[in-house]
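The lines below spell out each chain.
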Amino acid sequence: DATARLGGNPKRVNPLCPVDLVIDHSVQVDVAGTLDAFERNEEIEFKRNFERFEFLKWGQNAFENFLIVPPGSGIVHQVNLEYLARVVFNNEGLLYPDSLVGTDSHTTMI
């Protein structure tokens with residue numbers, strides 16, 4: 001909206017290649033030792049980080065080529081390997097390799 005108000009083309013703000021942002025699990029454990037600990041911790045995490053998740057959801061809807069994978073979808077490495085890895089992209093006949101930027105020690109296994 002701000003780009004359009006300033007006379008710019010909002011389409012130019014979009015990523016040029018697909019971007020997948022995986023929101024990995026929280027490291028906080030509030031509930032342990034119960035059968036429903038996972039569900040309760042996940043519920044607490046969503047409440048605790050509500051504003052962040054709402055902002056990310058807005059971003060996914062505001063931009064093309066931008067996908068958010070929310071917490072609780074699986075371990076980030078599993079999600080990358082099983083759902084997101086495309087190996088080669090085909091953009092109107094232009095082929096280019098997939099790439100991955102990670103911020104932890106396990107990302108290189110993908």
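As a reminder, the structure under discussion sits directly above these lines.
On a predicted model such as this, the values are computed, not experimentally measured, just so you know.

The rules behind each value
Residues numbered from 1 in each chain as written. Predicted model: local features only at pLDDT ≥ 70, side-chain atom pairs only at ≥ 80, totals over all residues. Heavy atoms only, no water. Helix = DSSP H or I, 4+ residues; strand = E, 2+ residues; numbered from the N terminus. Contact = heavy atoms within 4.5 Å. Buried < 20%, exposed > 50% of the residue type's maximum accessible area, 1.4 Å probe, protein only. Expected span 1.5 Å × (residues − 1). Arc of directions from axis to C-beta.

Draft legend 1. View of the environment of Pro71. Looking at where Pro71 falls in the secondary structure, it is placed in the loop between β2 (66-69) and α4 (76-84). C-alpha separation for the pair Pro71 and Phe46, spaced 25 residues apart in sequence, amounts to 8.6 Å. In this structure, Pro71 is in contact with Ile23, Asp24, Glu42, Glu45, Phe46 and Phe53, ignoring residues within four places of it in sequence.

Draft legend 2. Main features of unusual backbone geometry. Of note, Asn65 is a non-glycine position whose phi angle comes to about 65°, a positive value. Note on placement: Asn65 falls in the loop between α3 (50-62) and β2. For Glu92, which is not glycine, the phi dihedral falls at a positive 55°. Structurally, the position occupied by Glu92 is in the loop between β3 (88-91) and β4 (94-97). The exposure class of Glu92 is exposed, given its relative accessible area of 81%.

Draft legend 3. Spotlight on helix α2 (residues 37-48). Along its 12 residues, α2 runs 16 Å from first to last C-alpha, staying within 8% of the 16 Å computed at 1.5 Å per residue. For α2, the complete set of buried residues consists of Ala37, Asn41 and Glu45. Around the axis of α2, the buried residues are gathered within 65° of arc, so they sit on the same side.

Draft legend 4. Spotlight on α3. Taking 1.5 Å per residue, 13 residues should reach 18 Å; α3 reaches 18 Å between its end C-alpha atoms and fits that length. Among the residues of α3, those classed as buried are Phe53, Leu56 and Gly59. Down the axis of α3, the buried side of the element spans an arc of 115°, and every buried residue falls inside it. Facing away from the buried side of α3, by more than 90 degrees, are the exposed residues Glu51, Phe55 and Asn61.

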